[in-house]
Amino acid sequence: MNNEQPGSTPSAGTLPIAAISPGAVERTARRNLRKGFLLRQLVRFGAGVTAAALLLIVTYILIMGIPHISLDLFALPYNSINVSLMPALINTLLMTVFSLALAIPLGIGAAIYLVEYTGRGNKLVGIIRVTAETLTGIPSIVYGLFGLLFFVTALKWRISLIAGAFTLAIMILPIIMRTSEEALKAVPDSYREGSFSLGAGRLRTVFRVLLPAAIPGILAGVILGIGRIFGESAALIYTAGSVAELPNSVFDSTRTLSVHMYLLASEGLHVDKTYATAVVLLIIVVLINTLSAMVARRITKGSADA
């Protein structure tokens, strides 16, 4: 019921739509268009700056490194003349395999538990998520000190390949867990409902329906973990060491590519070889990303065809 008197003036909050002038509507529309245009330009500017910075870094590395790539750089034995990167490359691959073998099952398993086996609003889930996000932001040198005190000293593993692999596994575990959790949460509930309606149990639903659908997101976390392993040096100096030789066992000291680059640059005697090593490292990371994307597409296509 309208309480306004016949001769009274309507308040500002009760103006009828017809009382709004077409000019005011047009001015509001123009103002919204200007704001939208400004936001689009800011987004484009940010994207352009990011792309330009990436292009500048890659171009600089290629220009400085490609002329210094030679066959001696890939010789199996390392010496002070050829400063070969081959032992460091093999050690990096070994470190990556061991670290992922430890972190992937734990990270994906934790994500499955958080998404599929806990109720909504569970306090434990919130604590685990906060802990994972906190671990993601811890500097790598802190992980290195922890690995030195625990794996190297307390467990008496010495400065070795296995100590570095365990340290890196702890470092990348929050990344894999959080990305896997978000990937599983992004799978539509209709997938679960359809699987349950066909008589499949929860475990079968997880491994036969949800994980294949979440593979692209999970691989994104794995790729981020691989990138951190390849680029890590501070933590590995404390735990894996800097011996430029192939290890005879997992308890021998090793040198990865990032540590190899750091030592060459700090010595100042083979800066040209440092740039050449950076080119090789860049090519390896690009190949790993490309291969992971191809695997994700194939798995997704296979699960869709099935």
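What you see is a predicted model; the values in this text were computed from it and never measured.

**Q** What is the right way to read the overall build of the protein chain from this model?
**A** Counting its regular elements, the protein chain contains 10 helices and 0 strands. Traced from its N-terminal end to its C-terminal end, the protein chain shows the element sequence α-α-α-α-α-α-α-α-α-α. Per-residue burial for the protein chain yields a buried fraction of 35% across its 306 residues. For the protein chain, the share of sequence-separated contacts (at least 6 apart) that also reach a separation of at least 24 residues comes to 72%. A total accessible area of about 18,000 Å² is found for the protein chain, and carbon and sulfur atoms account for 69% of it.

**Q** So what exactly am I meant to see when it comes to a positive patch on the surface here?
**A** On the surface, R27, R31, R34 and K35 cluster together into a positively charged patch. Here R34 shows up in helix α1 (residues 22–65).

**Q** Explanation requested: the pattern of salt bridges in the structure shown.
**A** In the structure shown here, the tally under the stated rule is 7 salt bridges. Here E182 ties to R178 by a salt bridge, and the two come within 3.7 Å at their closest N and O atoms. In this pair, E182 and R178 are both assigned in helix α5 (residues 161–185), 4 residues apart and thus about one turn of the helix distant. Taking the relative accessible area as the measure of exposure, R178 reaches 19% and is therefore buried.

**Q** Looking at this structure, I do not really get the packing of aromatic side chains. What am I missing?
**A** Two numbers describe a pair of aromatic rings. These are the distance of the centres and the angle of the planes. Per the stated rule, a full pass over the model turns up 7 aromatic pairs. A ring pair is formed by Y60 and Y275, whose centres lie 5.9 Å apart and whose planes are at 80°; its orientation type is edge-to-face. You can see Y60 sitting in helix α1 and its partner Y275 sitting in helix α10 (residues 271–305), a full 215 residues away along the chain. Judged by its relative accessible area of 43%, Y60 is partly exposed. In this structure Y275 comes out as partly exposed when scored by relative accessible area, which is 24%. Taken together, a centroid distance of 5.4 Å and an interplanar angle of 15° make the contact between F151 and W157 stacked. The ring of Y117 has R202 sitting right over it, with the charged end atom 5.7 Å from the ring centre. Here R255 stacks its cationic end above the ring of Y78, 5.4 Å away from the centre of that ring.

**Q** Could you clarify how one ought to interpret the packing of helix α2 (residues 86–116) against α5 in this entry?
**A** Think of two packed helices as two axes; the pair is described by the angle between the axes and how far apart they sit. With their axes 6 Å apart at the nearest point, α2 and α5 run at an angle of 40° to one another. In this view, α2 runs oblique relative to α5, as classed from their interaxial angle. Of the two possible hands of crossing, α2 and α5 adopt the one that is right-handed. Among the residues making up the contact of α2 with α5, the classes are represented as 24 nonpolar, 5 polar and 2 charged.

**Q** Please explain the side chain of T274 as it appears in this structure.
**A** Relative to the helices and strands, T274 resides in helix α10. What makes T274 buried here is its relative accessible area of 10%. In contact with T274, other than residues within four places in its own chain, are M261, L264 and A265.

**Q** How do you make sense of a nonpolar patch on the surface when you look at a structure like this?
**A** A cluster of nonpolar residues, I141, V142, L145, I237, Y238 and Y262, forms a patch on the protein surface that exposes about 490 Å² of accessible area. Taken together, the elements giving at least two residues each to the nonpolar patch come down to α4 (140–154) and α8 (234–239). It is α4 that provides the largest number of residues to the nonpolar patch, a total of 3 residues. Looking at where V142 falls in the secondary structure, it is placed in helix α4. Judged by its relative accessible area of 42%, V142 is partly exposed.

**Q** Looking at this structure, I do not really get the environment of A169. What am I missing?
**A** Inspection of the secondary structure puts A169 in helix α5. Judged by its relative accessible area of 8%, A169 is buried. Spatially, the C-alpha atom of A169 lies 6.6 Å from that of L100, the residues being 69 residues apart in sequence.

**Q** Got a minute to help me understand the confidence of the model for the protein chain in this structure?
**A** Low-pLDDT stretches of the model should not have their predicted coordinates read in fine detail. When pLDDT is averaged along the protein chain, the result is 85, and 90% of the positions lie at 70 or above. When mean pLDDT is compared element by element in the protein chain, α4 scores highest at 94, while α10 scores lowest at 80.

What counts, and where the lines are drawn
- Residues numbered from 1 in each chain as written.
- Predicted model: local features only at pLDDT ≥ 70, side-chain atom pairs only at ≥ 80, totals over all residues.
- Heavy atoms only, no water.
- Helix = DSSP H or I, 4+ residues; strand = E, 2+ residues; numbered from the N terminus.
- Buried < 20%, exposed > 50% of the residue type's maximum accessible area, 1.4 Å probe, protein only.
- Contact = heavy atoms within 4.5 Å.
- Areas by Shrake-Rupley, 256 points an atom, 1.4 Å probe, with all protein chains shown as cover.
- Patch = residues over 30% accessible without salt bridge, like charges linked within 9 Å, V, L, I, M, F, W, Y side chains within 5 Å.
- Salt bridge = Lys/Arg side-chain N within 4 Å of Asp/Glu carboxyl O.
- Lys, Arg positive; Asp, Glu negative; His and termini not counted.
- Charge placed at Lys NZ, Arg CZ, Asp CG, Glu CD.
- Phe/Tyr/Trp six-rings, centres within 6.5 Å; stacked < 30°, edge-to-face > 60°.
- Lys NZ or Arg CZ within 6 Å of the ring centre and 35° of its normal.
- Axes fitted to C-alpha atoms, helices over the stretch in contact; angles between N-to-C directions.
- Parallel < 35°, antiparallel > 145°, perpendicular 65-115°, else oblique.
- Left-handed = near helix turned anticlockwise from the far one by under 90°.
- Nonpolar A, V, L, I, M, F, W, Y, C, P; charged D, E, K, R; others polar.
- pLDDT = per-residue confidence, 0-100.

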